[in-house]
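# Summary of the model geometry
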Amino acid sequence: MEKFKSCGLTTHMDGAGNVCGRLGDPDQPAVLIGSHLDSVPAGGMFDGTLGVIAGLECIRVIQENNIEVNCPIEIIGTSEEEGRFGGMLGAQALSGHLTLDWLESARDPKGEYLKDALKKCGLDIHDTLRARRDPSSMKAFLELHIEQGPVLENSQKCIGVVDGISGVFKWLVKLKGKADHAGTAPMDMRSDAFMGLADFAHEISRIIDEEGTDKSRLTIGRVDLKPGYAHTIPGEAHFTIVGRDMQEDIMHQLANSCRKVLSSIARKHKLYFEYEQMSWLEPKYFSPEVVDLIEEEVKALDYSYMKMPSGAGHDIQFFTDLTPTGLIFIPSVGGVSHAPDEWSHWDDVEKGTQVLLNTLLRLAKD
Ligand SMILES: [Zn+2]
């Protein structure tokens, strides 16, 4: 907020902890530049922060060069994007995707309630709800972010023009067999839950080949074997499946195929199979006119670029149904993110910021 103020911006923190700095009329619809200021434990310095600092740099360039714009520009450093309480608190508050029920009940993995954590920061959940912006107050929403993956670097491109964010589903799967003595139970008389899981893991690439696209992902990220003892046959395997694709019908095909394959594997190993769908987020597409605008500006600057989807979620996904949206990526060295050695070359940072500025000016002069 001090940095915003030192540039002469009108500054405030809303009830969700979003930090806002505005250039121009407080009541006119604004072009918003947003990204998040929080990080994960032992995270890097570019994830999120880049989009806020780059937004501030755009404002400075506009001021230093007396560039005329026809509408206000506002930078928003959002809060709590990394999902300590599940979801993206700041962006969901701004876009009106929160309910009082959820705010009352949300807890972090250690059991601390969101409402208590807010209180510690001098905020309360009713003010969090009031942070919602009316869609008519927004002219557009732009976000600059690091890719957090290896695709741009491997393709030797400086800019990613992002056309959408993958949809994601998350399942909690349980395969139940029979825990038994690892020495006395013959190999052909077991109901070994881990063997079912292992068979399923081998089927993932076939499921994607047959039902998916080059943008499909299926991941088993967490496994619990019960009772989890070296000399006991695992009676239960609990694991997560996270599936992603850019098309919702493909997501359904992947999910159906997972279900069929798990059922037949369960029969083969004499296991009982059940699953719970923990979440289903549909794919989000950015506005074609903003995507085209970003592409035009990148071409005019003669930067190398590619159109790409985002496999990770970002603040901007909550605004796609409310206002024209666009997301710009720059390369992450080695594809590393959410780690202290997360890095992006300053040359790419500059290019990404230039694309952000030029796109912003096109939208703000409209
Ligand atoms: Zn981020």
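Calculation rules
- Residues numbered from 1 in each chain as written.
- Predicted model: local features only at pLDDT ≥ 70, side-chain atom pairs only at ≥ 80, totals over all residues.
- Heavy atoms only, no water.
- Helix = DSSP H or I, 4+ residues; strand = E, 2+ residues; numbered from the N terminus.
- Buried < 20%, exposed > 50% of the residue type's maximum accessible area, 1.4 Å probe, protein only.
- Contact = heavy atoms within 4.5 Å.
- Core = buried A, V, L, I, M, F, W, Y, C linked by side-chain atoms within 4.5 Å.
- Donors = N, O, S within 2.8 Å, 3.2 Å for Na, K, Ca; no water.
- UniProt positions renumbered as here; feature names shortened; annotations may be inferred.
- Phe/Tyr/Trp six-rings, centres within 6.5 Å; stacked < 30°, edge-to-face > 60°.
- Pairing = 2+ DSSP bridges.
- Axes fitted to C-alpha atoms, helices over the stretch in contact; angles between N-to-C directions.
- Left-handed = near helix turned anticlockwise from the far one by under 90°.
- Patch = residues over 30% accessible without salt bridge, like charges linked within 9 Å, V, L, I, M, F, W, Y side chains within 5 Å.
- Areas by Shrake-Rupley, 256 points an atom, 1.4 Å probe, with all protein chains shown as cover.
- Salt bridge = Lys/Arg side-chain N within 4 Å of Asp/Glu carboxyl O.

Under an unreviewed UniProt entry, the chain has the name Zn-dependent hydrolase and belongs to Kangiella taiwanensis.

### Quick word on the overall build of the chain
Helix and strand counts for the chain stand at eleven helices and 16 strands. Seen through its principal axes, the chain has C-alpha atoms that stretch 80 × 45 × 35 Å. When each of the 366 residues of the chain is scored for burial, the buried share is 50%. Considering only intrachain contacts with a sequence separation of at least 6, the fraction spanning at least 24 residues in the chain is 78%.

### Considerations on the nonpolar core
One finds Leu9, Ile159, Val298, Leu356 and Leu360 to be the most contacted residues of the largest nonpolar core, which totals 62 residues. With eight residues, helix 11 (residues 346–365) is the largest single contributor of residues to this core. If we skip the residues at most four places from it in the chain, Ile159 touches Leu152, Val298, Tyr303, Ser304, Tyr305, Met306, Ile328, Phe329, Ile330, Lys351, Gly352 and Val355. Counting residues in each nonpolar core, the second largest holds 25 residues, with Val173, Ala237, Cys258 and Phe273 among its members.

### Digging into the coordination of the zinc ion
Surrounding the zinc ion are the protein donor atoms His36 (NE2), Asp47 (OD) and His145 (NE2), which sit 2.0 to 2.2 Å from the metal. Every donor residue of the zinc ion comes from the same chain, spaced as H-x10-D-x97-H. Taken together, the residues Asp47 in the loop between strand 3 (30–36) and helix 2 (49–64) and His145 in strand 5 (residues 138–146) connect sequence positions 98 residues apart. A residue is classified by how much of its surface remains accessible, and His145, at 1% relative accessible area, is buried.

### Quick look at the UniProt feature "domain: Peptidase M20 dimerisation" (unreviewed entry) in the chain
This chain's UniProt record puts "domain: Peptidase M20 dimerisation" (unreviewed entry) on residues 166–269. Spanning residues 166–269, this segment combines 38% helix with 30% strand, and its end C-alpha atoms are found 34 Å apart.

### Observations regarding the packing of aromatic side chains
Tallying each qualifying case throughout the model produces nine aromatic pairs. When the centroid spacing of 5.9 Å and the interplanar angle of 50° are considered together, the rings of Phe169 and Trp171 count as tilted. Residue classification places Trp171 among the buried positions, given a relative accessible area of 0%. Aromatic side chains Phe169 and Trp280 sit 5.3 Å apart centroid to centroid with 15° between the ring planes, which places their arrangement in the stacked category. Here Trp280 lies in strand 13 (residues 272–281) and Phe169 lies in strand 7 (residues 167–176), a separation of 111 residues in the sequence. Overall, Trp280 belongs to the partly exposed group, its relative accessible area being 23%. Among the aromatic residues, ring-to-ring pairing joins Phe169, Trp171, Phe273, Tyr275 and Trp280 into one connected group.

### Focus on the pairing of strand 5
The element strand 5 is extensively covered by neighbouring structure, given that eight of its nine residues are classed as buried. Bridge analysis of strand 3 against strand 5 gives four bridges, and the strand direction is parallel. Note on strand 5: the bridge partner recorded for Ile33 is Leu142. As paired strands, strand 5 and strand 16 (residues 325–330) are joined by six bridges and run parallel to one another. Bridging from a neighbouring strand, His145 pairs with Phe329 of strand 16.

### Section: the packing of helix 8 (residues 193–211) against helix 9 (residues 248–268)
Close contact between helix 8 and helix 9 brings their axes to 10 Å; oriented N to C, the two are set at 145°. Pair helix 8 / helix 9 crosses with right-handed handedness. Contacts between helix 8 and helix 9 involve Gly196, Asp199, Phe200, Glu203, Arg206, Ile207, Ile208 and Glu211 on the former and, on the latter, Ile250, Gln253, Leu254, Ser257, Cys258, Val261, Leu262, Ile265 and Lys268.

### Considerations on the side chain of Asn358
Relative to the helices and strands, Asn358 resides in helix 11. Sequence-distant contacts of Asn358, defined by excluding residues within four places in its chain, comprise Glu297 and Leu301.

### Describing a nonpolar patch on the surface
On the surface, a nonpolar cluster with roughly 300 Å² of combined accessible area is contributed by Phe194, Met195, Val223 and Leu225. For the nonpolar patch, the secondary structure elements donating two or more residues are helix 8 and strand 10 (223–226). Tracing the sequence through the fold places Leu225 in strand 10. With relative accessibility at 32%, the residue Leu225 sits in the partly exposed group.

### Regarding the pattern of salt bridges
Under the definition given, this model contains 21 salt bridges. The partner of Arg84 in a salt bridge is Asp108, with the nearest N and O atoms 3.0 Å apart. Here Asp108 lies in the loop between helix 4 (100–105) and helix 5 (114–120) and Arg84 lies in the loop between strand 4 (73–78) and helix 3 (89–95), a separation of 24 residues in the sequence. In this structure, Arg222 engages Asp224 in a salt bridge whose closest nitrogen and oxygen atoms are separated by 3.0 Å. By relative accessible area, Arg222 is classed as exposed at 54%. A relative accessible area of 31% places Asp224 in the partly exposed class. Where salt bridges share partners, they join Arg84, Asp108, Glu112 and Lys120 into one cluster.

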